[in-house]
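Descriptive analysis of the structure
In case you want the letters, here they are:
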Amino acid sequence: MPLIGVIGGSGLYGIPGLEEVGRKAVKTPFGDPSDSYLIAEFSGGVQAVFLPRHGAGHAVAPHKINYRANIWGMKELGVERIIAVNATGGIDSAFAPGSIVIPDQILDFTGGGRPATFYEEKDVVHVDFTEPYCPELRASLLGAAKKAGVPAAGKGTYVCTNGPRLESRAEVAFYAKAGGHVVGMTGMPEAILARELELCYSAIAVVTNFAAGVSDAKKLTTTEVIEYMGKSAEAIRQILKEVFPLIPGRRGCPCKDALKDSRL
Ligand code: HPA
């Protein structure tokens, strides 16, 4: 079975319960990934490749992450599908801290400040992004959450901001009106870069706090983000443990043909 990639977010620098069987450093035409890739094994012998998005010890800020190198490295290692874990603030009051969402849509507010394509030299490519997350991988994640007994919302719109600052109350109110459910800083351009390399990509958004102005809190803290990520680590592990056997051996989704008919 082709390798599954896992990209960990704030507070998730490994997958508890995974046995490390090696590490690989990858050089890419776009520079260095956030860290070396951890080759890990789940019980049952399924191998996964893990990368901490922010590097070891969270040294790289969201707007500085080399998303292109991170995704390129995954492809280089033979990964076909990527499961991303993202810390988020709940915009919708139904998504309280501790909630888990498998988002189905994205609103990108990074503002073009991040290199967001592999195609800026010779080729002009417009990749379809109607469904930004792989439907097959999303279904597997939802099935896994159900099997693991972890409540997870099966739909939700992930708003991506450029960061590194948190949002103002008015911004969050605007994102809510625009249809956003959770807000984070790392979902883009990760999702589109994976699509450009014809990799499947799906996310587990972990709500670590109510977004600015959603609760009575006067101030948001990174401490609570890390604390809630830690609290959710076991739920993430349970989902990941269950998801591998549910992922079909051969891809039946459109992601593998994303570049077909996309060139000018
Ligand atoms: N906003 C943006 N990114 C985040 C948040 C938030 O409230 N919480 C965790 N990541």
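See above for the structure.
Every value quoted in this text rests on a predicted model; they were computed, and no experiment measured them.

A separate point is helix α5 (residues 222-246). With 25 residues, α5 extends 34 Å between its outermost C-alpha atoms, agreeing within 8% with the 36 Å of an ideal straight helix rising 1.5 Å per residue. If you look at α5, its biggest bend is around 40 degrees, right at serine 232.

Take the site of the ligand next. Neighbouring the ligand are the residues Ala87, Thr88, Gly89, Leu166, Glu167, Val183, Gly184, Met185, Thr208, Asn209 and Val225. Note that a nitrogen atom of the ligand is positioned 3.4 Å from one of the backbone N or O atoms of alanine 87. A distance of 2.8 Å separates a nitrogen atom of the ligand from a polar side-chain atom of glutamate 167. Coverage of the ligand by the protein amounts to 93% of the 260 Å² it exposes when considered alone. Taken together, the elements giving at least two residues each to the shell around the ligand come down to β5 (79-90), β9 (182-184) and β10 (200-210). With three residues, β5 is the single largest residue contributor to the shell around the ligand.

Moving on, we come to the pairing of strand β8 (residues 157-161). Summarising burial for β8: five of the five residues are buried, a large majority. Here β8 shows a buried face lined by Thr157, Val159 and Thr161 and a second buried face lined by Tyr158 and Cys160. Note: strand β7 (residues 105-109) against β8, five bridges, orientation parallel. Its bridge partner being in β8, isoleucine 106 is matched across the sheet by tyrosine 158. Crossover connection from β7 via helix α2 (residues 135-148) to parallel β8: handedness left-handed. As paired strands, β8 and β9 are joined by three bridges and run parallel to one another. Opposite tyrosine 158, over in β9, you have valine 182 as the bridge partner.

In this structure, proline 164 follows glycine 163 across a cis peptide bond, with omega equal to 0 degrees. Tracing the sequence through the fold places proline 164 in the loop between β8 and α3 (169-177). The amide bond that connects methionine 188 to the next residue, proline 189, takes the cis arrangement and shows omega of 5 degrees. For proline 189, the location among the structural elements is in the loop between β9 and α4 (190-196). Phi angles above zero are rare outside glycine, and aspartate 261 is one such case at about 60 degrees.

Cut-off values and rules
- Residues numbered from 1 in each chain as written.
- Predicted model: local features only at pLDDT ≥ 70, side-chain atom pairs only at ≥ 80, totals over all residues.
- Heavy atoms only, no water.
- Helix = DSSP H or I, 4+ residues; strand = E, 2+ residues; numbered from the N terminus.
- Expected span 1.5 Å × (residues − 1).
- Bend = angle between axes of the 7 residues up to and from the residue.
- Near = heavy atom within 4 Å.
- Polar contact = N/O pair within 3.5 Å; in protein donor to acceptor, adjacent residues only side chain to side chain.
- Areas by Shrake-Rupley, 256 points an atom, 1.4 Å probe, with all protein chains shown as cover.
- Buried < 20%, exposed > 50% of the residue type's maximum accessible area, 1.4 Å probe, protein only.
- Pairing = 2+ DSSP bridges.
- Right-handed = clockwise from strand over helix to strand, strands pointing away.

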